[in-house]
Amino acid sequence: MHKTLAVRVSPVVYLRMLVYSFVAVAVRAVALLPLWSLWAFPAGSPWRWLALLCPLAYVFFVLPMRFSFAEALLEDFTFSRAFSTHLYGEKIAEGVVHALHVMKWGLPTLCLGIGYFFWYSYLRDMNVGAFFELFGALGKGMTDVINLVAYVPDGGVVEGLIVALIPLGIGLLVWLYGAVRNSATRYLWVLATAQEHDLRKERRRRLMGRRLRQLGVALVNLALFVPFLVAAGIALKDSLIGLSDAMLSALIAQTPMGLDATRAVWPLVLSFVLFYLPLLPVRRALTAAFATRDVKHTASTAS
């Protein structure tokens, strides 16, 4: 007999999800620790190979934990379910497939990142006058285009930098859209497993004709993410203001760009704790509720 799966969020469940969120963040932080070996040891040191433990930790700990969380959320949420190793191998496999599906949407951003890296190498060899001339021309070109519709003052270096970063912004939006399209996968996997259905067919059946609704849920999630973005922006304000000065100094001295953001670390951590984590269970519950809507009807139709 098939289990009935649905999202049931009570104050107790919310508090459990909140505690789980803290633990999940800690697990991800530990999984990232091996990357420190890239900075802690000199080039050529065999200890730098410790960085490979990072992707391994994500594959064998973080990815299956995401699917265990989905199981717990669609059942009676308990810590034993949220950290369960039930179907551990399948969770790893589906987690890797899901990660690859999201990463393929990031290929444009990856290509742009490589291009920006080589472009930055070219800019480092450019004198200050040529730098201002290049980005000033880009800024003026942007305002010339806008002037075809409405008058704006001629742009300068700042507008030129904005123009240069627009492709990267578009690439990030494409990647974000790919993440949205795959956001319901782990919850659909729980449903498909419980109902003994094929995940790919279950996903097509549940998401076909509902992509706009999925986008709407994502926009609500984004609105719940805005408080953290505002708080993080305030915390990083001084560092961001110094970014242009750091870029100019790096060009003049022909040295790598340095930006001291250490003063913003604790305000940023506080913003994360106060404005990101408390709303994270709500955002996850919204996505899960979207994925499981009309679950009984869908299950009966498929059988």
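Residues numbered from 1 in each chain as written. Predicted model: local features only at pLDDT ≥ 70, side-chain atom pairs only at ≥ 80, totals over all residues. Heavy atoms only, no water.

Let's talk about the packing of helix 3 (residues 53–74) against helix 9 (residues 185–194)
- The geometry of helix 3 relative to helix 9 is characterised by a closest axis approach of 9 Å and an angle of 65° between their N-to-C directions. For the crossing formed where helix 3 meets helix 9, the hand is right-handed. For the pair helix 3 and helix 9, contact is made by Arg 66, Phe 67, Phe 69, Ala 70, Glu 71, Leu 73 and Leu 74 and by Arg 186, Tyr 187, Trp 189, Val 190 and Leu 191, respectively.
- Among the residues forming the contact of helix 3 with helix 9, the class breakdown is 9 nonpolar, no polar and 3 charged. (Axes fitted to C-alpha atoms, helices over the stretch in contact; angles between N-to-C directions. Helix = DSSP H or I, 4+ residues; strand = E, 2+ residues; numbered from the N terminus. Left-handed = near helix turned anticlockwise from the far one by under 90°. Contact = heavy atoms within 4.5 Å. Nonpolar A, V, L, I, M, F, W, Y, C, P; charged D, E, K, R; others polar.)

Quick notes on the side chain of Glu 202
- Secondary-structure assignment places Glu 202 in helix 10 (residues 199–207).
- With relative accessibility at 1%, the residue Glu 202 sits in the buried group.
- Of the polar contacts made by the side chain of Glu 202, one reaches the side chain of His 197; its length is 3.0 Å. (Buried < 20%, exposed > 50% of the residue type's maximum accessible area, 1.4 Å probe, protein only. Polar contact = N/O pair within 3.5 Å; in protein donor to acceptor, adjacent residues only side chain to side chain.)

A closer look at the packing of helix 1 (residues 11–32) against helix 14 (residues 280–292)
- For the pair helix 1 and helix 14, interaxial distance at closest approach is 9 Å and the crossing angle is 110°. One element, helix 1, and the other, helix 14, form an angle in the roughly perpendicular class. Taking contact as the criterion, the partners of Tyr 14, Met 17, Leu 18 and Ser 21 in helix 1 are, on helix 14, Leu 280, Pro 281 and Val 282.
- Tallied by class, residues from the contact of helix 1 with helix 14 come to 6 nonpolar, 1 polar and no charged. (Parallel < 35°, antiparallel > 145°, perpendicular 65-115°, else oblique.)

Quick notes on the layout of surface pockets
- Looking at the largest pocket, its volume works out to about 1500 Å³.
- Counting only elements with at least two residues in the lining of the largest pocket, the list comes to helix 1, helix 3, helix 5 (88–104), helix 8 (157–181), helix 9, helix 11 (211–235), helix 13 (265–276) and helix 14.
- A breakdown of the residues in the lining of the largest pocket according to their chemical character gives 30 nonpolar, 7 polar and 5 charged. (1 Å grid on protein atoms, 1.4 Å probe; cavity = no way out; pocket = protein on both sides within 12 Å on 5 of 7 lines; lining within 4 Å. Points joined across faces, edges and corners; volume = space filled by probe spheres on them.)

Re the confidence of the model for the protein chain
- Looking at the protein chain, the pLDDT average stands at 84 and 81% of residues meet or exceed 70.
- Contacts of residues 295–303 to residues separated by more than four positions or lying in other chains number 11 contacts, the stretch itself having pLDDT below 50. (pLDDT = per-residue confidence, 0-100.)

Let's talk about the pattern of salt bridges
- What the rule picks out here adds up to 5 salt bridges.
- Note that Arg 205 is salt-bridged to Glu 202, the shortest N-O span being 2.5 Å. Here Arg 205 and its partner Glu 202 are both found in helix 10, 3 residues apart, which amounts to about one turn of the helix.
- In this structure, Arg 206 engages Glu 202 in a salt bridge whose closest nitrogen and oxygen atoms are separated by 2.6 Å. Separated by 4 residues within a single helix, Arg 206 and Glu 202 lie in helix 10, roughly one turn from each other.
- For Arg 206, a relative accessible area of 3% translates into the label buried.
- Via salt bridges that share partners, Glu 202, Arg 205 and Arg 206 belong to a single interconnected network. (Salt bridge = Lys/Arg side-chain N within 4 Å of Asp/Glu carboxyl O.)

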